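Each chain, written out:
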Amino acid sequence: MASDAPASRRARQRGRGWFTLADLGRLLATWLVSTGILWVAARLLPDLEASSLLSLAGVSVVSGIVGFVVRPLLVEVSVRLGWLTVLPLAFFGQGIVMHIAMLLVPGITATWTAAFVTSWLCAAGVTFVAYLLTAGTDESVTTAIARRGRTVQPPDPEVDGLLVVQLDGVPFPVLSWAVRAGGVPTIRRWVTSGDYQLREWTPQLPCTTPASQLGLLHGTVAGIPGFRWYDRELGRVLVANRPADARLIEERASNGRGLLCEDGVSISNLFSGDAENAMLTMSRASARLGSPQTRRALAWFMLTPTGFARSLTRTVGEVAKERWQARAQVRYELVPRIRRNWTFALLRALTNVLLRDLNTALIAEEMQRGRKVIYVDYVDYDEVAHHAGLFRHESLAALEGLDRVLAQLELLAEQAARRYRLVVVSDHGQSQGQPFRDRYDLELSTLCTELMDEGVHGYEEADEGWGRAHALVLDIGEEGVAGKLAAPARRRVDQIDSADTERNVGGRAADRALVLGSGNLGLFYVPGQTRQSLDDLTARWPRLLPGLCEHPGVGFVAGIDEHGVPWAYGDGGRVDLASGTVTGTDPLARYGEHARRVLLRAVLDPKAPDLYLNSSVDEQTSDIAAFEELVGAHGGLGGWQDSAVLLAPQDLATSVPERVEGADQLHQVLLGFLRQSGQRLETGAPESGVAVTSG
């Protein structure tokens, strides 16, 4: 395969320096277009008069200078008054800048209304020109982000920084195929040049973001049996993307020595990794009243000439694109598919537009400050693939967008306070298939109800994505005017979360069995302090275990017997997970050679449910059947959900063991990367007590 090294050199050349000939060309083109639009506006708007074309050209220049001075003031005003002022200032800020420029330049007479209309005409024209001059790339935005802050010289510039970028939910086979197909040119260039090594690692069971990210950032995957689960100690369900629950989960797991404990930054994660500075991070989202840095970055982006226009047009475009693609799936009768509503369209626009740019702006700030280690999660592909499927056009487009983000980060690293090594990981993969309910016309909880002849409470809702929106709202809230206005709404959200949990799994439902879905992994609990054995469950509900094993949508059921021995049962046999002894047909044969190891570990965890239930997997298509309303899903075994990505610089990757199984083991690998970069040199021993083995 031919090397793409020349492209790498071009990327580095584009990143050097603060002003290039290309910048000068863009500046000249922007000035000419802005002047032309002002000339047209003066002809069309009765409230705008200009004595000469020279005066209009002067307004174009002065508005740029005024904006350079005024916009930082507007940013600080929005930060102090509250996030509710960002949108009004973004909407009217361009008009304020334009009106001031028109008042300062001789020969111009204009009302506020005329200045406001003209400012938006100019913003639209400049945005269009910027798009054309950068061939539709994000280079102009990258340049603006790089020049926004001031680089701070760190006390130890000889120490390399580490930027870990999590591409949420990207399966290793999908990324490998995209590299071969040329759909991710940045990653392809890194790999084919020999600068980077693309590796596969195996997530633990459950294959979920909470378990993997806790392992990656804190070095343990213990106590995380799913995306949501019943906590026997608390007597209620914990949901990892709720701030209070995320904070509790992290407090239980943290030893104060997480991946980011030494001058680290957490951005858009569930957990903080013990970072002192955490933004858009769920476990910190409600511990304080918001992050001024997040509000400032959002305000800056929304108040730039092209920022708000770019965000608005791309958001509208993303929503329109999603609705068109959803209808196209129905029109062409593509399967598997689910109903994609307006709610998901708005959520997709949030993750693939606003959060993507905001994350990048926050990373740039931290690199300019010279932070030693940064960990960020981009959820674009995961969110789209959940609803569309792994290889659908919209999912691959999201992956291509993430590749462009990596190109942005590569350029931004050239302007950073220290040299940064970029490492890319995914927390898990995904598998595809028609949801269990759609395929078999009943939910898993309904099946259990029929087999038990008594009511079962089911929690099988797909609500993973909304946590990102919740974290953003909380992280830009504060104690100012808007903070006081928004406080009742924030309290209401917390009350709804608490009431929902109580209604679903507490109070009157406390004596009913619970069934919770995490992708194609089901969790069955009998509420109470004690875990029920397979023998206990069979004595109470004789039809439950054989009925589940016989159902075509269930691949295996796992639990412990009265002696504590872990078993997995299927339709034709069972396997002792500890010894590997099979009676009849091995129910795990279709799930890979690692299935018994990862299932054994999960079943023996003290927080494990009474029963783990995994959907069946089709031998020909590798289709699974999620217990949530999702096409692309992860959580259990089957397909590519337990095949994840590790992309690291070649010199760092040489230290990676041949096989990495479990996010806690990958945590040790990342700690090794820190030590190779000159960080965490106080000890060479594993800090989480988990040894990394090869082979």
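Residues numbered from 1 in each chain as written. Predicted model: local features only at pLDDT ≥ 70, side-chain atom pairs only at ≥ 80, totals over all residues. Heavy atoms only, no water.

1. Brief notes about the nonpolar core
Part 1 of the reasoning: Leu599 and Phe673 are the most contacted members of the largest nonpolar core, which totals 72 residues.
Part 2 of the reasoning: The element best represented in this core is helix H24 (residues 663-676), accounting for seven residues.
Part 3 of the reasoning: If near-sequence neighbours (up to four positions away) are discounted, leucine 599 is found in contact with Leu205, Phe556, Ala558, Ala568, Leu577 and Leu588.
Part 4 of the reasoning: Counting residues in each nonpolar core, the second largest holds 47 residues, with Val174, Leu362, Leu402 and Ala416 among its members. (Core = buried A, V, L, I, M, F, W, Y, C linked by side-chain atoms within 4.5 Å. Buried < 20%, exposed > 50% of the residue type's maximum accessible area, 1.4 Å probe, protein only. Helix = DSSP H or I, 4+ residues; strand = E, 2+ residues; numbered from the N terminus. Contact = heavy atoms within 4.5 Å.)

2. Regarding the packing of aromatic side chains
One pair of aromatic rings is described through two measures. These are the centre distance and the angle between the planes.
Part 1 of the reasoning: Within this structure, the stated rule accounts for ten aromatic pairs.
Part 2 of the reasoning: Ring geometry for tryptophan 190 and tyrosine 196: centres 4.5 Å apart, planes at 20 degrees, overall stacked. This pair shows no difference in class: tryptophan 190 is buried, exactly as tyrosine 196 is.
Part 3 of the reasoning: Considering the side-chain rings of phenylalanine 391 and tryptophan 640, the 5.9 Å spacing of their centres and the 80 degrees angle between planes classify their relative orientation as edge-to-face. Residue phenylalanine 391 is located in the loop between helix H14 (380-388) and helix H15 (393-413), and its partner tryptophan 640 is located in the loop between strand E20 (632-633) and strand E21 (644-649); the two are separated by 249 residues in the primary sequence.
Part 4 of the reasoning: Feature note: the residues Trp177, Phe391 and Trp640 constitute an aromatic cluster, connected by ring pairs.
Part 5 of the reasoning: Looking at arginine 331, its charged tip hangs above the ring of tryptophan 324, at a distance of 5.1 Å from the centre.
Part 6 of the reasoning: The lysine or arginine in question, arginine 331, covers the ring of tyrosine 332, its NZ or CZ lying 5.1 Å from the ring centre. (Phe/Tyr/Trp six-rings, centres within 6.5 Å; stacked < 30°, edge-to-face > 60°. Lys NZ or Arg CZ within 6 Å of the ring centre and 35° of its normal.)

3. Some points on the confidence of the model for the protein chain
Part 1 of the reasoning: In this model, the protein chain carries an average pLDDT of 83, and 76% of its residues clear a pLDDT of 70 or more.
Part 2 of the reasoning: Predicted confidence is poor over residues 478-509, with pLDDT under 50, and the contacts of this stretch with residues over four places away or in other chains come to 43 contacts. (pLDDT = per-residue confidence, 0-100.)

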